Amino acid sequence: FFLRGARAAQESRVEAGGHNMSAAAEAERMAQLGAELNACMARFKSREDHVTRDASGKEKGRVRFFDFRGVDENKFDAKEKASISEAVKVLRERKQKGQHLPRIVKITPQNMESLIKKRASRYAEASEVPTATLNNGRKIPLIGLGTWKSKPGEIKQATLHALRAGYRHVDCAEYYNNEHEIGEALQTVFSEGVVKREDVFLTSKLWNNHHSKESVRPAVEKILKNLRVSHLDLLLIHWPYTGNVGPTVQPTIRETWQAMEALVSEGLVHSIGVSNFSTKKVADIISYAQVPPSVVQVEIHPYWRQDDLLSFCGERNIHVTAFSPLGSPDSSAMFQRKGPKLMDDPTLVSIASSLNKSPAQCLIRWGLQHGTSILPKSVNEGRIRSNLDVTSWELPRADYEALCSLNFQQRMVTARYWLNPKGPYKTEGEFWDEEPGAETSSANEVGMGYADASEVPTA
């Protein structure tokens, strides 16, 4: 409907009633007319507005929804009729001048079914995506969209592609600084009526500077506001690190966990867990938790299998989600990583060729057969769809075991930014609670020393 006159009037001079009015005067009148129309139309509003915003949060567009069934001119008083009449006049003048007009879609019993079918045709069937049942009885889809390192402006469209392709799991994080875009995509999808909020599993993560009991709730409220939802399906501690220097992590993980438990009681969060935690650190949480961890999210792929952690979590009914299932090929510069690339591994390439699948599909399928949920990341619509096309086939046992037997083992996403000679973590071994001399390597242990933590932006 007509509600944006003020902005247009500020950009040009408009002719009204045969007289030239200044842009300022016209803007003032347009704002007044807009307010009158808003008040007039409010009682016919049928649902919340659909608003799109840019990266800075500035509004780019708005769709309003009204139900005019049974409405005739007798529903309006004289002042309202005058406002509507003036609005129609202005719209006609703009149309004659070739100016942009609001688009009005009239939904009637005759065209409603076709509109619903048109919207539904954009969406693939999601019933084929397998799920796992968490230890609190809730279900998590085993394939989700990863959103780390997506460039500004990309992830909204990627989320739309994913949800329309059949994904029902989106992995987010406060630190990724793109949850507002994901929120716009979710609002668009939910407004189309095919996918509902309860159909989508949303994960987010607390960043390192929001671990104190006073910080947890405000951080989650901000996440919910950006995602435009009333609850999270899963909240994770992103890293077992807070930025303090000293012998132990402060605030303690226990303090953070108990603040998260309170959010479960309030219904703001359905499940809680951790990311980038070692077996020892998970065991420590279990020792005092009133609400046990439902999910541990860690790096897992054939070059970093984490079999001990998988066994530990399996014995305690804790679900494991694998991030960077393709070996995190786009983070090598960030972590100054050397060594072979998983996607180029000869064994993997040979298996993919023999199955007429892509290496990425084989790695995702390997993760499913390895007992984890998977978070492949892409902003390309074709790859987003291809990454989901892994549920109707399996890796033959010999191929699966070949990928489980690759000798090269290297953690791709390291803790290099969280190490400090004054503690709480002086070495990668201390951070990951690894035994000295363990026959594994982290990407930053090959002659790298300490990273400059100033390279990592903080919220």
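The shown structure was predicted, so the numbers you read here are calculated from the model rather than taken from an experiment.

A few words on the overall build of the protein. Assigned secondary structure in the protein consists of 15 helices and 16 strands. Counting every position in the protein, which comprises 459 residues, the buried fraction comes to 49%. If you take every contact in the protein between residues at least 6 apart in sequence, the share linking residues at least 24 apart comes to 73%.

This part is about helix α3 (residues 78-96). With 19 residues, α3 should reach 27 Å at 1.5 Å per residue; the first-to-last C-alpha distance of 27 Å fits that figure. Taken together, the buried positions of α3 are occupied by Glu-80, Ser-83, Ala-87, Val-90, Glu-93 and Arg-94. Taken end-on, α3 shows its buried residues confined to a sector of 150°, consistent with a single buried face. Relative to its buried face, α3 has exposed residues pointing more than 90 degrees away, namely Ala-78, Arg-92, Lys-95 and Gln-96.

The residue Ser-212 is located in the loop between β9 (201-206) and α7 (213-227) in this model. For Ser-212, the side chain forms a polar contact with the side chain of Ser-215, separated by 2.8 Å. Ignoring anything within four residues of it in the chain, the contact list for Ser-212 reads Pro-251 and Glu-255.

Pairing is parallel in the open sheet, where 8 strands are placed in the order β7-β8-β9-β10-β11-β12-β13-β14. What marks the edges here is a single partner per strand, and that holds for β7 (145-146) and β14 (373-374). Pairing between β9 and strand β10 (residues 232-237): 4 bridges, direction parallel. In the strand pairing of β10, Leu-206 is matched with Ile-237.

A separate point is the packing of aromatic side chains. Here the distance between the centres and the angle between the planes together describe a pair of aromatic rings. On inspection of all chains with the given rule, the structure shows 12 aromatic pairs. Judged by centre distance (5.0 Å) and plane angle (70°), the ring pair of Tyr-303 and Phe-408 falls under edge-to-face. Placement of Tyr-303 in the loop between β12 (295-299) and α10 (307-315) and of Phe-408 in the loop between α14 (397-403) and β15 (410-411) is noted, with a sequence separation of 105 residues between them. Each member of the aromatic cluster is reached from another via a ring pair, and the members are Tyr-175, Trp-207, Trp-239, Tyr-241, Tyr-417, Trp-418, Tyr-425, Phe-431 and Trp-432.

Along the chain, Thr-256 falls in helix α8 (residues 253-266). On the basis of relative accessible area, Thr-256 is assigned to the buried category, the value being 0%. Apart from the residues within four sequence positions on either side, Thr-256 is in contact with Leu-206, His-211, Val-216 and Ile-237.

Mapped onto the elements, Asn-226 comes out in helix α7. You can call Asn-226 partly exposed: its relative accessible area is 25%. C-alpha of Asn-226 to C-alpha of Glu-181: the two residues are 45 residues apart in sequence and 8.0 Å apart in space.

To continue, consider the pairing of strand β11 (residues 269-275). Walk down a regular strand and you will see the side chains alternate between the two sheet faces. Within β11, 6 of the 7 residues are buried, which leaves it mostly tucked inside the rest of the structure. Of the strand pairs in this sheet, β10 and β11 are connected by 5 bridges, and their pairing is parallel. Across the sheet, residue Leu-235 finds its bridge partner in β11, namely Ile-272. In this region the chain leaves β10, passes through α8 and returns to the parallel neighbour β11; the handedness of that crossover is right-handed.

All right, on to the packing of α7 against α8 then. Across the interface, α7 lies against α8 with an axial gap of 8 Å and an inter-helix angle of 45°. On the basis of their axis angle, the class for α7 and α8 is oblique. Considering only the axes of α7 and α8, their crossing is right-handed. Of the residues in α8, those touching α7 at Lys-213, Glu-214, Val-216, Arg-217 and Val-220 are Glu-255, Thr-256, Ala-259, Met-260, Leu-263 and Glu-266. When its residues are assigned to classes, the contact of α7 with α8 shows 5 nonpolar, 1 polar and 5 charged.

Val-220, Leu-235 and Trp-257 are the most contacted members of the largest nonpolar core, which has 86 residues in total. In contact with Leu-235, not counting residues within four places along its chain, are Ser-204, Lys-205, Leu-206, Val-220, Met-260, Leu-263, Val-269, Ser-271, Ile-272 and Gly-273. Grouped together as the second largest cluster of nonpolar side chains are 18 residues, Tyr-241, Val-249, Phe-323 and Trp-418 included.

Detailed reading of the predicted model is not advised wherever pLDDT is low. Residues at a pLDDT of 70 or more form 83% of the protein, whose mean pLDDT is 85. Counted against residues more than four places away or in other chains, residues 1-19, with its pLDDT under 50, gives 43 contacts. Under a pLDDT of 50 for its full length, residues 443-459 has, in the predicted model, 38 contacts with residues more than four places off or in other chains.

Conventions we followed
- Residues numbered from 1 in each chain as written.
- Predicted model: local features only at pLDDT ≥ 70, side-chain atom pairs only at ≥ 80, totals over all residues.
- Heavy atoms only, no water.
- Helix = DSSP H or I, 4+ residues; strand = E, 2+ residues; numbered from the N terminus.
- Buried < 20%, exposed > 50% of the residue type's maximum accessible area, 1.4 Å probe, protein only.
- Contact = heavy atoms within 4.5 Å.
- Expected span 1.5 Å × (residues − 1).
- Arc of directions from axis to C-beta.
- Polar contact = N/O pair within 3.5 Å; in protein donor to acceptor, adjacent residues only side chain to side chain.
- Pairing = 2+ DSSP bridges.
- Phe/Tyr/Trp six-rings, centres within 6.5 Å; stacked < 30°, edge-to-face > 60°.
- Right-handed = clockwise from strand over helix to strand, strands pointing away.
- Axes fitted to C-alpha atoms, helices over the stretch in contact; angles between N-to-C directions.
- Parallel < 35°, antiparallel > 145°, perpendicular 65-115°, else oblique.
- Left-handed = near helix turned anticlockwise from the far one by under 90°.
- Nonpolar A, V, L, I, M, F, W, Y, C, P; charged D, E, K, R; others polar.
- Core = buried A, V, L, I, M, F, W, Y, C linked by side-chain atoms within 4.5 Å.
- pLDDT = per-residue confidence, 0-100.

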